[in-house]
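Fold and geometry: a report
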Amino acid sequence: MSEDEYWKVRVTHIDHSEADGEHRYLGDLRLKLMEIADKVEAGIYDELSLNYFANNQMQQTITVGQLGTTQGEYGERGSYWEEVKVHIPEEVHFTDTYRAFMEDATIWLDAYSGDDPNTVEELIVFVGDNRSEGDTTKFIKTPQKS
Amino acid sequence: MWPITVTRTEIQQNSDHAASETRAKLLEIADNIESGKYRTISLSMVAIDDENRLVLTDLNAGSIGLDDEPKTVWSQVSAQIVDETELTQAYQAFALDLRLNYESIEDTNHPNVPEVVNVSFGNEEDDDFEGFAFVPSEAVHPQLKSG
């Protein structure tokens with residue numbers, strides 16, 4: 001994909017943080033989710049859309065869901081969620097389905113550093129496996145350093 | 001649509017509720033992860049902070065491996081976008097890609113019971129892959145629930 005296909009958005013500040021799985025317990029995910037809830041209730045996140053997909057290999061079930069908060073024209077806030085859970089008996093279909101959803105809903109990051117290897121000058125963020133090109137990809141660029 | 005044979009489909013919905021109910025759903029997800037009901041999970045989030053003109057994307061994932069060792073990873077990006085139009089467009093574009101689309105096709109013999117459920121993520125218009133059609137394999141009809 002050429003750079004021209006990215007939608008360039010001018011930003012004044014960009015933060016990128018991550019944690020790998022080697023030093024994190026599964027329970028840390030609850031903390032991360034509660035951090036999201038705190039920000040929703042505090043009004044830091046005016047609007048939110050969160051997708052999730054989960055599987056249970058023993059029961060061969062896949063759960064696909066979405067929840068979000070909205071803010072109306074006069075500041076009134078609300079929430080919604082919807083969830084679809086299916087039991088797929090055929091093992092190959094079960095695995096393929098999970099992988100396909102994972103590709104579509106995963107956020108991908110590509111960071112490019114400039115002369116300073118510790119400074120991210122460009123960051124490409126997009127959703128999905130990039131099956132569809134063009135406007136599904138997002139290009140976020142930090143301002144040039146003076 | 002890619003037809004997938006399923007033996008059971010459940011749809012749950014909850015709309016027009018207080019913003020604080022988001023926490024209840026997130027707690028339920030956390031419970032399901034820690035109890036092992038969800039062996040693996042991936043969550044993708046996009047949020048907008050109007051006051052600070054921030055768009056935030058967030059990916060969280062948890063899994064219990066074959067060695068039963070649970071792990072979690074997360075990655076978060078926040079970008080401050082000064083131009084109001086671009087701020088709104090950036091949020092809407094991400095939200096569109098992360099949208100969960102589904103439609104239920106009712107069984108004509110069983111009103112209010114979906115016969116086929118089509119499910120996909122994102123903006124289908126730009127995507128050759130349209131999603132999944134979950135088709136019950138037997139006479140086990142899925143149940144429509146509402147929260």
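Just so it is clear, the model here is predicted, and its values are computed rather than measured. (Residues numbered from 1 in each chain as written. Chains lettered and ligands numbered in written order. Predicted model: local features only at pLDDT ≥ 70, side-chain atom pairs only at ≥ 80, totals over all residues. Heavy atoms only, no water.)

Examining the interface of chain A and chain B
By a frequent convention, interface size equals the accessible area lost on bringing the separate parts together. Counting residues at the interface gives 87 residues for chain A and 86 residues for chain B. Taken over both partners, the interface formed by chain A and chain B buries close to 8,400 Å², and the fraction arising from carbon and sulfur atoms is 60%. Area buried by chain A at its contact with chain B is led by A:Leu26, A:Arg30 and A:Trp81, which between them contribute 9% of it. Our enumeration of links across chain A and chain B arrives at five salt bridges. The interface formed by chain A and chain B holds 23 residue pairs in polar contact (both at pLDDT 80 or more) in total. The residue makeup of the side of chain A that touches chain B, split by class, is 39 nonpolar, 25 polar and 23 charged. In this sheet, strand S2 (residues 8–17) of chain B lies alongside strand S5 (residues 77–87) of chain A in antiparallel orientation, the contact comprising eight bridges. Bridging across to S2(B), A:Lys85 finds its partner in B:Glu10. (Contact = heavy atoms within 4.5 Å. Buried area = accessible area lost by both parts, 1.4 Å probe. Salt bridge = Lys/Arg side-chain N within 4 Å of Asp/Glu carboxyl O. Polar contact = N/O pair within 3.5 Å; in protein donor to acceptor, adjacent residues only side chain to side chain. Nonpolar A, V, L, I, M, F, W, Y, C, P; charged D, E, K, R; others polar. Pairing = 2+ DSSP bridges. Helix = DSSP H or I, 4+ residues; strand = E, 2+ residues; numbered from the N terminus.)

As for the nonpolar core
Counting residues in each nonpolar core, the largest one holds 26 residues, and the members touching the most others are A:Ile36, B:Leu26, B:Ile29 and B:Ile41. Looking at this core, the elements with two or more residues in it are helix H1 (28–42) and strand S3 (47–56) of chain A together with helix H1 (21–34), strand S3 (40–49) and strand S4 (54–64) of chain B. With near-sequence residues (within four places) excluded, B:Leu26 lies in contact with A:Leu33, A:Met34, A:Ile36, A:Ala37, A:Leu50 and A:Leu67. Ranked by size, the runner-up nonpolar core spans 21 residues in total, among them A:Ile88, A:Phe101, B:Val6 and B:Phe121. (Core = buried A, V, L, I, M, F, W, Y, C linked by side-chain atoms within 4.5 Å. Buried < 20%, exposed > 50% of the residue type's maximum accessible area, 1.4 Å probe, protein only.)

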